[in-house]
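Chains, contacts and geometry: an overview
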Amino acid sequence: MLNMAMTADLPKEFDVVVLGTGMPESIVAAAFSRIGQTVLHLDKQDHYSGDWASFNLQGIENWAQCHQDVSTDTSTVTDNLVRPSIDESSLLEEGETLIELPLDNTNFSQAQVQYYVEDADEEDEKRTEDKSCDDNATTVSESKDSTDIKSGDHEVKTDPDEAKTGLGQESVSEKQDSGATGNDQMDIERQLEDLKTGDNENKEQAEVNTDAKDKLPDTEHKSEERENISDEKSGDGVTQDEKKAPDLDTVVQKESDKSPEAEKSQNKWTIKRLKAEWRRFNLDLSPKVLYSVGDMVELLISSDIAKYCEFKTITQIVTMMNGNLDKVPCSRADVFSSKKVSMLEKRMLMKFLQFCLQYEDKPEEIGEFLEKPFTDFLAYKKLTPTIKYYIQHSIAMATESMTTKEGLEKMKKFLRSLGRYGNTAFLWSLYGSGELPQSFCRMCAVFGGVYCLRMSASSMVMDAENRCSAVITTEGQKIKCKWLIMEGSYAPASFIDKENNSRTISRGIIMTEKPLLTTGQQELSLMNLPCPDDGDRPISILELPPSSMAAPLGVYIYHLTRKGKDGVLPKDDLSYAVSTLFSNEGNIDENKPAMLWSLYFTQKDMSEVQASNNIPENVVLMSGPGTEIDIDRPVQEAKEVFKRILPDEEFLPKAPNPEDIIYVDDSEAQVADGNSQSEFSEKDDSEGGSQESKETDQSENSKTVLDQSEKSEPKTEKMDQSESSGTEVVPSEDSLDRTEGCFKAEVDQS
């Protein structure tokens, strides 16, 4: 990536200029750079991935401050980008005109951050005040009830209440050694005998005899006082025999002072503690999972970009039925081991799943339901309510209006992905979904792509044929290009069809201390929660434990996503899921995870951005994230754009293995030309053959080496369905066998 001081040295011409580092833009940039096209990739933000980015806690709070406005037309996120003054006479050629591009558009608004824990300073101040009150009460109690006990030349004050309650063997021993007499001495001996024999009745009687009006002093305070008394005695000539060590009863009593409430208070999350762990958070603006046999996984394998990423399997699918959270049986093993469904329902479910895999070959079983709602088809199959609920809301994740064809396609995709890397159909990118666009950016940079953050195109230059011939950067430099590819927020309003791009998304991010379902392991969970107010707008919930690298130990992250509704704030739109699943200030429930922190915001749904008729033919608009849970749509979109521009080129071929590349300098090439014939080869009739034939043989040999290194077919390794729920897929550089093109999975069963 170039910094601002180096931007003046940018080349004056590129084949492709890409605006925005989101998912589809990054894939396209990597595809063009991989085949030798010159690519300039700009982003007006100070981070990669655009609307698909991941932030730490400090970063996302700063981001939220810049997107608090209700309107998405303007934002303070690009306040440092200034439109340059352009001298058209020096920059523009004859027949060229300028079209200004927006610099402050954003797809986010109504961001609101809230903490549900106390501030550390307030809690410390409260604890100090409570301790001060206890100390004052202790001082008053001691001044009233203290008794002077003389022992030789020493005078020590003791508290009779402490003796009566048996707070510790140490104080009792000191009072015995100090010469206590009379009834006090008899009471002390009786209390000591009760403690040693474990007589609970005598203990209760001793507590009853305590004056109820006198407040017992704080144990910790009295312990410190006893230590001071002991030090004074030791300094005034008391022998070591007089200082008796506490016995087992005293130790047990001191250990009992450390109550579970005290330990819980020490581990309690506060605002200060959360902010101290800000680097350990990876919070996504648009969290997405990957189908194990989806287009994104296949592209990561075939292009060898998987070496830049790490993945973990989604270990369970969760649903809510009749007010209870349950794990959905997905694989064959889960179905037959589940106790939530009867044997008849298990057979019914397995039969329907097998039908979904081959529904295209059985049109007679579908009949006229292909274009009708999927719910009608499920009712036609006479499934039980439990099986129907599992299929509709947890496997197909279908809405009320989804057609049967769409529902069966989603079922088939889900079932084909089962068992490849675990018992569920999905993978999660460690450190957040924002790592995936950056992986494609790395590939683009390796093959010569140029990256500049905090820079964008302030204007585009149009020629006489209404084509984009160049862009003017925010640094005032004119850069010629053949194609301009941009994300929707970079395009002027006249380029976008407003009627088809008015949808929104309600998003929420929540932190808690514990998971929804306690299983003894850190589960990555996916849930589709139907809402009673609107069956076509369910809430998708993704649960990320610390093992997903999304949060520090002891914190769980929940991503809530729902289709937005005009005039409804995201917090209100997601309130059903929050009140149903979590405990907060207005709905305290100890059986639910308690909320620590939340962020709500509204996002434009740019998943189906449509260009207007005013857009130039060599300018391409790319879509943004939508409400879908997977990330396959951007892959198909990037392929279509690439084939439109370069139809005869291969899309993102696998990079050659550096070990297979042979570098030959000029001197070695000359030696090879003179001795290209092996001593084991047959001699031609003419001595050594012609020079032309030698060069031909050498070029064919070189071509064979490259063909062998580039034509290796990627293979996938299927994992057994019986893998443990902690399955971790790490397609790192060590786990990829690049010679055979295998995308292997490392399994962590610990």
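Residues numbered from 1 in each chain as written. Predicted model: local features only at pLDDT ≥ 70, side-chain atom pairs only at ≥ 80, totals over all residues. Heavy atoms only, no water.

**Considerations on the overall build of the protein**
When you go through the protein residue by residue, the secondary structure sums to 25 helices and 27 strands. Restricting to contacts in the protein with at least 6 residues of sequence separation, those with at least 24 account for 74%. Accessible surface, the protein: about 37,700 Å² in total, of which carbon and sulfur atoms supply 45%. (Helix = DSSP H or I, 4+ residues; strand = E, 2+ residues; numbered from the N terminus. Contact = heavy atoms within 4.5 Å. Areas by Shrake-Rupley, 256 points an atom, 1.4 Å probe, with all protein chains shown as cover.)

**Some thoughts on the nonpolar core**
Grouped together as the largest cluster of nonpolar side chains are 70 residues, with contacts concentrated most on Trp-63, Leu-274, Phe-426, Met-511 and Ile-557. Not counting residues within four places of it along the chain, the set of residues in contact with Phe-426 comprises Val-289, Leu-290, Tyr-291, Ser-292, Thr-313, Ile-314, Ile-317, Phe-414, Leu-526 and Ile-629. Core analysis: the next-biggest nonpolar cluster, separate from the first, contains 42 residues, Val-39, Leu-300, Val-635 and Ile-645 among them. (Core = buried A, V, L, I, M, F, W, Y, C linked by side-chain atoms within 4.5 Å. Buried < 20%, exposed > 50% of the residue type's maximum accessible area, 1.4 Å probe, protein only.)

**A look at the pairing of strand S15 (residues 457–462)**
Here S15 lies mainly inside the structure; six of its six residues are buried. In this sheet, S15 lies alongside strand S4 (residues 97–100) in antiparallel orientation, the contact comprising four bridges. Among the inter-strand pairings, Leu-98 is bridged to a residue of S15, identified as Val-461. Sheet analysis places S15 next to strand S16 (residues 468–473), joined by five bridges and oriented antiparallel. (Pairing = 2+ DSSP bridges.)

**Description of helix H1 (residues 23–34)**
Counted at 1.5 Å a residue, the expected span for H1 with its 12 residues is 16 Å, and the 17 Å between its end C-alpha atoms agrees. Within H1, the full set of buried residues consists of Met-23, Pro-24, Glu-25, Ser-26, Ile-27, Val-28, Ala-29, Ala-30, Ala-31, Phe-32, Ser-33 and Arg-34. Positive backbone phi, at 105°, marks Gly-36, one or two positions downstream of H1. (Expected span 1.5 Å × (residues − 1).)

**Overview of the sheet that holds strand S12 (residues 324–327)**
Read across the sheet, eight strands follow the order S5-S22-S18-S21-S20-S19-S11-S12 without closing on themselves; strand pairing throughout is mixed. Two strands lie at the open edges of the sheet, namely strand S5 (108–115) and S12, each paired on one side alone. Direction aside, the axes of adjacent strands within the sheet are offset by 20° on average. Bridge count between strand S18 (residues 504–512) and strand S21 (residues 556–563): eight bridges; the pairing is antiparallel. (Axes fitted to C-alpha atoms, helices over the stretch in contact; angles between N-to-C directions.)

**Quick look at the pattern of salt bridges**
Evaluation of the coordinates by the stated rule reveals 21 salt bridges. The residue Glu-96 makes a salt bridge to Lys-478 at a minimum N-O spacing of 3.1 Å. Placement of Glu-96 in the loop between helix H3 (88–91) and S4 and of Lys-478 in strand S17 (residues 478–487) is noted, with a sequence separation of 382 residues between them. With respect to burial, Glu-96 and Lys-478 carry one shared label: buried. Here Asp-534 makes a salt bridge to Arg-537, at a shortest N to O gap of 3.1 Å. (Salt bridge = Lys/Arg side-chain N within 4 Å of Asp/Glu carboxyl O.)

**Structural notes on the pairing of strand S1 (residues 13–19)**
For S1, the buried fraction is high: six of the seven residues fall into the buried class. Pairing of S1 with S17 involves six bridges; the strand directions are parallel. Within S17, the position partnered with Glu-13 by the bridge is Lys-480. Between the parallel pair S1 and strand S2 (residues 39–43), the chain is carried across by H1, and the sense of this crossover is right-handed. (Right-handed = clockwise from strand over helix to strand, strands pointing away.)

**Description of unusual backbone geometry**
In this model, Met-397 sits at a positive phi of 50°, which is unusual for a non-glycine residue. The phi angle at Asn-466 is positive, at roughly 60°, despite the residue not being glycine. By secondary structure assignment, the location of Asn-466 is in the loop between S15 and S16. Look at Asn-466 and you get partly exposed, because its relative accessible area is 46%.

**Considering the packing of H1 against helix H20 (residues 435–446)**
Contact geometry for H1 and H20: axes closest at 8 Å, N-to-C directions at 20°. Considering their axes alone, H1 and H20 lie roughly parallel with respect to each other. Classified by chirality, the crossing of H20 by H1 is left-handed. Of the residues in H20, those touching H1 at Met-23, Ser-26, Ile-27, Ala-29, Ala-30 and Ser-33 are Leu-436, Pro-437, Phe-440, Cys-441, Met-443 and Cys-444. Classifying every residue of the contact of H1 with H20 by side-chain character gives 10 nonpolar, two polar and no charged. (Parallel < 35°, antiparallel > 145°, perpendicular 65-115°, else oblique. Left-handed = near helix turned anticlockwise from the far one by under 90°. Nonpolar A, V, L, I, M, F, W, Y, C, P; charged D, E, K, R; others polar.)

**Looking at the packing of helix H15 (residues 343–357) against helix H19 (residues 404–417)**
Contact pair H15 / H19: the axes reach a minimum separation of 8 Å and the direction vectors enclose 100°. Overall, the two elements H15 and H19 adopt an arrangement that is roughly perpendicular. In this structure, H15 contributes Phe-352, Leu-353, Phe-355, Cys-356 and Leu-357 to the contact, and H19 contributes Leu-408, Met-411, Lys-412, Leu-415 and Arg-416. The class makeup of the residues in the contact of H15 with H19 is eight nonpolar, no polar and two charged.

**Describing the packing of aromatic side chains**
With the rule as written, the count across this model stands at 16 aromatic pairs. Of note, Lys-44 hangs over the ring of Tyr-490, and the distance from its end group to the ring centre comes to 4.5 Å. Stacked on the ring of Trp-269, the Lys or Arg Arg-273 has its end atom at 3.8 Å from the ring centre. (Phe/Tyr/Trp six-rings, centres within 6.5 Å; stacked < 30°, edge-to-face > 60°. Lys NZ or Arg CZ within 6 Å of the ring centre and 35° of its normal.)

**Thoughts on the environment of Trp-428**
Tracing the backbone through its elements, the reader meets Trp-428 in strand S13 (residues 426–429). Remark: the alpha-carbon pair of Trp-428 and Phe-311, spanning 117 residues in sequence, is separated by 5.4 Å.

**Here's the deal with H20**
Over its 12 residues, H20 extends 17 Å from the first C-alpha to the last, a length consistent with the 16 Å expected when each residue adds 1.5 Å. For H20, every residue scored as buried is listed here: Leu-436, Pro-437, Ser-439, Phe-440, Cys-441, Met-443 and Cys-444. Positive phi appears at Gly-448, one or two residues downstream of H20, with a value of about 105°.

**What about the environment of Lys-372?**
Structurally, the position occupied by Lys-372 is in the loop between helix H16 (363–366) and helix H17 (374–380). Residues Lys-372 and Thr-404, spaced 32 residues apart in sequence, show a C-alpha to C-alpha distance of 5.9 Å. Setting aside its immediate chain neighbours within four residues, Lys-372 contacts Met-402, Thr-403 and Thr-404.

**A word on the side chain of Thr-399**
The residue Thr-399 is located in the loop between helix H18 (385–395) and H19 in this model. Among all residues touching Thr-399, those that are not within four sequence positions of it are Gln-392, Gly-535, Asp-536 and Pro-538.

**Section: the side chain of Ser-433**
Mapped onto the secondary structure, Ser-433 falls in the loop between S13 and H20. Ser-433 gets classed as buried once you look at its relative accessible area, which sits at 1%. Beyond its immediate stretch of four places on either side in the chain, Ser-433 contacts Trp-52, Ser-54, Asp-284, Ser-286, Pro-287, Lys-288 and Trp-428.

**Structural notes on the environment of Glu-298**
Relative to the elements of secondary structure, Glu-298 occurs in helix H13 (residues 295–303). Given the relative accessible area of 34%, Glu-298 is considered partly exposed. The spatial distance from the C-alpha of Glu-298 to the C-alpha of Asp-632 is 9.9 Å, given a sequence separation of 334 residues. Every residue in contact with Glu-298, bar those within four places of it in the chain, is listed here: Val-293 and Arg-420.

**Details of the confidence of the model for the protein**
When pLDDT is averaged along the protein, the result is 76; 66% of the residues meet or exceed 70. Confidence over residues 137–183 falls short of pLDDT 50; this stretch has 86 contacts with residues more than four positions distant or in other chains. In this model, residues 195–246 is a region of pLDDT below 50 whose contacts with residues beyond four sequence positions or in other chains number 52 contacts. (pLDDT = per-residue confidence, 0-100.)

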